[in-house]
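Observations on the three-dimensional arrangement
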Amino acid sequence: MNTLSLTYNRNTSLDLLRILCMIMVTILHFFNHGGLIEQSLQPLSINFFVGNTFFALSFVSVNCFVMISGYFLCQSSFKLSRVVSIWCKAFFYSITVYII
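These numbers come from a predicted model, not from an experiment.

**Things to note about the overall build of the protein**
Looking only at helices and strands, the protein has four helices and zero strands in total. Sequence-ordered secondary structure for the protein, helices as α and strands as β, is α-α-α-α. Per-residue burial for the protein yields a buried fraction of 14% across its 100 residues. Put simply, of all contacts in the protein between residues at least 6 apart along the chain, 68% involve residues at least 24 apart. A total accessible area of about 8700 Å² is found for the protein, and carbon and sulfur atoms account for 71% of it.

**So, a nonpolar patch on the surface**
Taken together, the side chains of Trp87, Phe91, Ile95, Tyr98 and Ile99 define a hydrophobic patch exposed on the protein surface, amounting to about 660 Å² of accessible area. Of note, isoleucine 99 is situated in helix α4 (residues 80–99). Given a relative accessible area of 67%, isoleucine 99 falls into the exposed group.

**Observations concerning the packing of helix α1 (residues 12–34) against helix α3 (residues 46–73)**
Axis separation between α1 and α3 bottoms out at 7 Å; the angle between their running directions is 135 degrees. What the angle tells us is that α1 and α3 run oblique. The way α1 lies across α3 gives a crossing that is left-handed. Classifying every residue of the contact of α1 with α3 by side-chain character gives 19 nonpolar, four polar and one charged.

**A closer look at the environment of valine 66**
Relative to the elements of secondary structure, valine 66 occurs in helix α3. We classify valine 66 as exposed; its relative accessible area is 54%. Considered as a pair, valine 66 and arginine 18 are 48 residues apart in the sequence and their alpha carbons are 9.6 Å apart.

Criteria and thresholds
- Residues numbered from 1 in each chain as written.
- Predicted model: local features only at pLDDT ≥ 70, side-chain atom pairs only at ≥ 80, totals over all residues.
- Heavy atoms only, no water.
- Helix = DSSP H or I, 4+ residues; strand = E, 2+ residues; numbered from the N terminus.
- Buried < 20%, exposed > 50% of the residue type's maximum accessible area, 1.4 Å probe, protein only.
- Contact = heavy atoms within 4.5 Å.
- Areas by Shrake-Rupley, 256 points an atom, 1.4 Å probe, with all protein chains shown as cover.
- Patch = residues over 30% accessible without salt bridge, like charges linked within 9 Å, V, L, I, M, F, W, Y side chains within 5 Å.
- Salt bridge = Lys/Arg side-chain N within 4 Å of Asp/Glu carboxyl O.
- Axes fitted to C-alpha atoms, helices over the stretch in contact; angles between N-to-C directions.
- Parallel < 35°, antiparallel > 145°, perpendicular 65-115°, else oblique.
- Left-handed = near helix turned anticlockwise from the far one by under 90°.
- Nonpolar A, V, L, I, M, F, W, Y, C, P; charged D, E, K, R; others polar.

Dropping the structure here:
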């Protein structure tokens, strides 16, 4: 008997929603940190309204992504090894990107 063969049913609609939220968070960062709204959009133009609409709709994605992550995390048990593993990976990539 394999101990790793736990029955886990994937909910593809939640996975699709998570992917959509990731895309919307990327759009939010693009508008926010890219300075697109402040620099290139003329007030009362089509680009202004479309850009601000995408920017406003992207705020929902952050809350939705947190809710989905919390839904999946509430069913798992806390392990300190996971926290340390994630911290080590984040530290490694932070230092690597800083050096580059």
